[in-house]
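In case you want the letters, here they are:
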Amino acid sequence: MEDFLDTNITYLSGVGPRRAELLGREAGIHTFRDLLYYFPYRYVDRTRFYKIHELDPDLPYVQIRGSITGFSSEGYGAGRRLTADFRDETGTVRLVWFKGTRWITSTYQPGVEYIVFGKPGIFNGMINIIHPEIDTAEKIEKSINAGLQAQYSTTENLKNHYVTSKTISRLVESLLRQIRYRIPETLPSFLVSKYRLMDLHDALFKVHFPSGTDEMERARYRLKFEELFYIQLNLLRYKVNRNIRTKGFVFSNVGQYFNDFYHNYLPFSLTGAQKRVIREIRKDLGSGRQMNRLLQGDVGSGKTLVALMCMLIAIDNGYQACLMAPTEILASQHYQTILKLLGDIGLEVDLLTGSSTKKVRRDIDEKLRGGTLNILIGTHALIEENVRFRNLGLVIIDEQHRFGVAQRAKLWEKSPDPPHVLVMTATPIPRTLAMTVYGDLDVSVIDELPPGRIPVKTMHFTEPERNKVFGFIRNQISTGRQIFIVYPLIRESEKMDYRDLEDGWDTITRAFPAPEYCVSIVHGRMSTAEKDASMKLFKDGTAHILVATTVIEVGVDIPNATVMIIESAERFGLSQLHQLRGRVGRGAEQSYCILMSSNKMSKEAAKRIEVMIRTNDGFEIAETDLQLRGPGDIEGTLQSGIPFDLRIANLGKDGQIIEYVRNIAGEILANDPMLESSENLILRTELKRVFGTRQSWSNIS
Ligand code: ADP
Ligand code: MG
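Residues numbered from 1 in each chain as written. Chains lettered and ligands numbered in written order. Predicted model: local features only at pLDDT ≥ 70, side-chain atom pairs only at ≥ 80, totals over all residues. Heavy atoms only, no water.

## With respect to the overall build of the protein chain
What counts, and what does not: Runs of H or I in DSSP of at least four residues are treated as helices and runs of E of at least two as strands, each being numbered from the N terminus. Under the scheme applied here, a residue whose accessible area is under 20% of the maximum for its type counts as buried, over 50% as exposed, and between as partly exposed, the area being computed with a 1.4 Å probe on protein chains only. Here, two residues are considered to be in contact whenever any of their heavy atoms come within 4.5 Å of each other. Positive charges come from Lys and Arg, negative ones from Asp and Glu, while His and the chain ends are left out of the count. Charge coordinates come from a single atom per side chain, which is NZ of Lys, CZ of Arg, CG of Asp or CD of Glu.
Across its full length, the protein chain holds 26 helices and 22 strands. In terms of principal-axis extent, the alpha carbons of the protein chain reach across some 95 × 70 × 45 Å. Within the protein chain, the fraction of its 701 residues that count as buried is 54%. Counted over contacts in the protein chain with a minimum sequence separation of 6, partners at least 24 positions apart contribute 74%. Averaging the positions of the 89 positive and the 85 negative side-chain charges in the protein chain gives two centres separated by 2 Å.

## Observations concerning the site of ligand 1
Definition in use: Here a residue counts as near a molecule or strand whenever at least one of its heavy atoms sits within 4 Å of it. Here a polar contact is recorded for every N or O atom pair within 3.5 Å, except that within protein the pair must consist of a potential hydrogen donor and a potential acceptor, and residues adjacent in sequence are included only if both atoms are side-chain atoms. For accessible areas, the Shrake-Rupley method is used with a probe of radius 1.4 Å. Any residue's cover is judged against the shown protein chains and nothing else.
Contacts to ligand 1 come from 17 residues, most closely from Gln-274, Gly-300, Lys-303, Thr-304 and Arg-453. Residue Ser-301 places a main-chain N or O atom 3.4 Å away from an oxygen atom belonging to ligand 1. Taken by itself ligand 1 offers 570 Å² of open surface, and the protein chains cover 84% of this. The greatest single-element share of the shell around ligand 1, amounting to three residues, is contributed by helix 13 (residues 303-316).

## Description of the packing of aromatic side chains
What counts is decided by this rule: Pairing of aromatic side chains here covers Phe, Tyr and the six-membered ring of Trp, requires ring centres within 6.5 Å, and sorts the geometry by plane angle: under 30 degrees stacked, over 60 edge-to-face, intermediate tilted. The criterion for a charge sitting over a ring is simple: Lys NZ or Arg CZ within 6 Å of the ring centre, and within 35 degrees of the ring normal.
Taken as a whole, this structure holds 22 aromatic pairs when the rule is applied. Put simply, the rings of Tyr-195, Tyr-221, Phe-225, Phe-229, Tyr-230 and Tyr-660 pair up and form one aromatic cluster. Above the ring of Tyr-50, the side-chain terminus of Arg-48 is found at 3.9 Å from the ring centroid. Above the face of the Phe-49 ring, Arg-65 is positioned so that its terminal group lies 4.5 Å from the ring centre.

## Some remarks on the domain arrangement of the protein chain
Convention followed: What fixes the domain bounds is an automatic or database domain assignment.
Here the protein chain is described as being made up of domain 1 (47-139), domain 2 (222-246 + 647-696), domain 3 (256-446) and domain 4 (457-615). Look at where the C-alpha atoms of domain 1 and domain 4 centre, and you get two points 52 Å apart.

## A word on helix 19 (residues 494-511)
Our working rule: Expected span, for any helix, means 1.5 Å times one less than how many residues it has. Working definition: the arc comes from the directions between the helix axis and the C-beta atoms, pointing outward to the latter.
Between the first and last C-alpha of helix 19 there are 25 Å, a value that for 18 residues agrees with the 26 Å anticipated at 1.5 Å per step. Taken together, the buried positions of helix 19 are occupied by Asp-497, Tyr-498, Leu-501, Gly-504, Ile-508 and Ala-511. The arc enclosing the buried residues of helix 19, seen along the axis, measures out at 145 degrees, which places them on a common side. For helix 19, the exposed residues lying more than 90 degrees away from the buried face are Lys-495, Arg-499 and Arg-510. On its buried face, helix 19 is in contact with helix 18 (466-478), strand 18 (482-486), strand 19 (519-522) and strand 20 (545-548).

## Observations concerning the nonpolar core
Our working rule: Put simply, buried Ala, Val, Leu, Ile, Met, Phe, Trp, Tyr and Cys residues joined by side-chain atoms within 4.5 Å make one nonpolar core.
Grouped together as the largest cluster of nonpolar side chains are 50 residues, with contacts concentrated most on Leu-187, Phe-225, Phe-229, Tyr-230, Leu-233 and Leu-376. Considering each element in turn, this core owes the most residues, eight residues, to helix 10 (residues 213-245). Counting only domains with at least three residues in this core, you end up with domain 2 (222-246 + 647-696) and domain 3 (256-446). Those residues within four positions of Phe-225 in sequence are excluded, and the remaining contacts are Leu-187, Tyr-195, Leu-197, Ile-657, Tyr-660, Val-661 and Ile-664.

## Some details on the environment of Thr-337
Following the sequence through the fold, Thr-337 ends up in helix 14 (residues 328-342). In this structure, the C-alpha to C-alpha distance between Thr-337 and Arg-282, residues 55 residues apart in sequence, is 22 Å.

## Some points on the environment of Met-564
Assignment of secondary structure puts Met-564 in strand 21 (residues 561-566). Spatially, the C-alpha atom of Met-564 lies 18 Å from that of Leu-330, the residues being 234 residues apart in sequence.

## Here's the deal with unusual backbone geometry
For the peptide bond that leads from Ala-514 to Pro-515, omega is 0 degrees, which places it in the cis range. Of note, Pro-515 is situated in the loop between helix 19 and strand 19. A positive phi is found at His-131, a non-glycine position, where the angle reads about 45 degrees. As for its position among the elements, His-131 is in the loop between strand 7 (126-130) and strand 8 (133-136). We note that Ser-568 has phi near 50 degrees; this positive angle belongs to a residue other than glycine. Mapped onto the elements, Ser-568 comes out in the loop between strand 21 and helix 21 (574-581). A relative accessible area of 21% means that Ser-568 is categorised as partly exposed.

## Notes on the packing of helix 10 against helix 26 (residues 681-691)
Heads up, the rule is: Here an angle of 0 to 180 degrees is reported between the N-to-C directions of two axes, which are lines fitted to C-alpha atoms, with helices fitted over the stretch in contact. Any angle that falls under 35 degrees is termed roughly parallel, while one over 145 is termed roughly antiparallel, one within 65 to 115 roughly perpendicular, and all others oblique. Residue type decides the class: Asp, Glu, Lys and Arg count as charged, Ala, Val, Leu, Ile, Met, Phe, Trp, Tyr, Cys and Pro as nonpolar, and the leftover types, Gly among them, as polar.
Where helix 10 meets helix 26, the closest approach of the two axes is 10 Å, and the angle between their N-to-C directions is 95 degrees. Put simply, helix 10 runs roughly perpendicular to helix 26. For the pair helix 10 and helix 26, the contacting residues are Glu-226, Phe-229, Tyr-230, Ile-231, Leu-233, Asn-234 and Arg-237 in the first and Ile-682, Leu-683, Glu-686, Leu-687 and Phe-691 in the second. Class assignment of the residues belonging to the contact of helix 10 with helix 26 gives a composition of eight nonpolar, one polar and three charged.

## Some points on the pattern of salt bridges
Selection criterion: Should a side-chain nitrogen of Lys or Arg be within 4 Å of a carboxyl oxygen of Asp or Glu, the pair is scored as a salt bridge.
In this structure the tally under the stated criterion is 31 salt bridges. Note that Glu-348 and Lys-367 form a salt bridge whose closest N and O atoms lie 2.7 Å from each other. Taken together, the residues Glu-348 in the loop between helix 14 and strand 12 (349-352) and Lys-367 in helix 15 (residues 358-370) connect sequence positions 19 residues apart. A salt bridge links Asp-365 to Arg-369, with the shortest nitrogen-to-oxygen separation between them at 3.2 Å. On the criterion of helical spacing, the pair formed by Asp-365 and Arg-369 is a turn pair, its members being four residues apart in helix 15. The exposure class assigned to Asp-365 is partly exposed, which follows from its relative accessible area of 22%.

## Thoughts on helix 18
An ideal rise of 1.5 Å per residue puts 18 Å on 13 residues; helix 18 measures up with 18 Å between its terminal C-alpha atoms. Those residues of helix 18 not exposed but buried are Arg-466, Val-469, Phe-470, Ile-473, Gln-476 and Ile-477. Projected onto a plane normal to the axis of helix 18, the buried residues spread over an arc of 120 degrees and lie on a single side. In helix 18, the exposed positions angled more than 90 degrees off the buried face are occupied by Asn-467, Lys-468 and Ser-478. Here the buried face of helix 18 lies against strand 17 (457-462), strand 18, helix 19, strand 20, strand 21 and strand 22 (592-597). Of the residues trailing helix 18, Gly-480 is marked for its positive phi of about 95 degrees.

Structure, rendered in structure tokens:
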């Protein structure tokens, strides 16, 4: 019976080979099942009728009842169109068609009562509806859908070939009429009854043609539950299997170097959160299972120190460790920091980046293979083929979102047995997203900043207030502080951005002239040597101001810098703004983040700025970001992504369901890790069907 749903969509009436090809290419609909699982993205209440005098262009889709008073042709060339005046007792609205006009005039007659459905717009001061849907009142009443009407997303290409939301709805309707059996359940019956879910058959029918809001919501809940449940079950199953299959190196000693460092080199006492996280990691490292842990901690929470202490544990057990950062600036900063922290403790630490010379590489290679190199720090140069460790035991990846999943996988191959992996990120990922994107990782959180930090004050200014801002900068510089000024750099408009940067540079060097002031600059078009030289000027306190593009976004640590000025702040995303703000507020002085923008900005941009001013809490910002942008964009940023699209659930909005089903999946696996019992058989079948041919991102090695 299941085979029926695998029928090629060509066999559905109303779908010929050309339409089938189009549906496949544009909407991924190849089979009956694909169509059935092509869920509406929203519903329109077809019980609500508007009067024509109520229409205005801000309304979403509306439904009106009335009749056509006459047709006429207007315009020339591409602007050529058919219009019809449509009226009810309250007024007239213009209907407009650019295509299919002959069909329209031969199908619809003046004087007949129609129901018109569409999005009101405005042209030449008159309300119009372009390419409306038109039905006879009688036909609407006969349709199996009297209440909520499903809206399906379509592409431009689909619409050009007359496949609209309504076409899809009709195809679904025709498919449902052909299904003469009950679609078999895909969740075990104990789950369906325990959680009072609508059964699959009903849910699939009602989601397309609900009679009302209640029914629609119950159907959607059931389908979301299932979608998210299987994702979580799949992730957790990999985790369980990995633990059963692979043995991790056992780091049972917390020995010489760790203790020596802790007692004699640590420049301050650890925060409670740092201690807790180190304990969590130590437990993993000693457990005999391979660690895969995500360490989240807001900017400035002290992740580097945690990383170092974990590397010392690896070394105490006779292993090498490496730390990978996304940019050369960051890698070399980590290198400097760690050299300084370790002092004369007697460990060999090296730096490897894209610009390391051949000689340095050869030297590192020798020490790596010989096992005398304890810690290697670098950029993705670390994962090049020819870098071979003798016994790599721990890999730490800083600022994970800059690394692709495939890059993470390459590290696994660096030694015969998979090393322990700690992924550190300062992008506070909302819990629910973390549970899905990094669902196979364990998560530790540093939720406490080192003591004595004063929260950064955030302010917003527009262009006319620039002089005031410059006055403030002079003031700060006169008390010995340093200033960041950051310009946006967005790939699509790189040329324009560099012009902004150059203009900005002119303005700033004029307002802060040499020799009284020293301004340095860092951007992506400079060579590494030039960048290093500029950074050095700023780091050693010579330069008062650092003008930069977003290269300094992550990690750069200069405690004496107290002002972060973000130019064209309206063009940055929330998490980027937060990252940039994290560059200041690292010392004992009050720090400031100044958001510069033009007067005009979008509603979303204004909301982002408002949130930045209101809170310093990275998690709150991440949650808002998720709501404003939607998870798709954030996944894009994280570059990890889910290897398939969610059909119905929404990572931003369905967080509660995610937590709920994750617990349920966890319970099931705790009792039956390999899903062998007969009542769990269906789970295995479904996992195989849903994920069988897809590569799981948790199993990329
Ligand atoms: P991030 O989590 O952003 O990577 P860092 O590791 O760069 O943060 O730490 C930020 C700053 O805080 C550094 O200057 C570091 O020396 C300092 N720091 C880290 N841990 C502590 C602590 N326990 N007490 C005081 N300062 C600390
Ligand atoms: Mg860092």
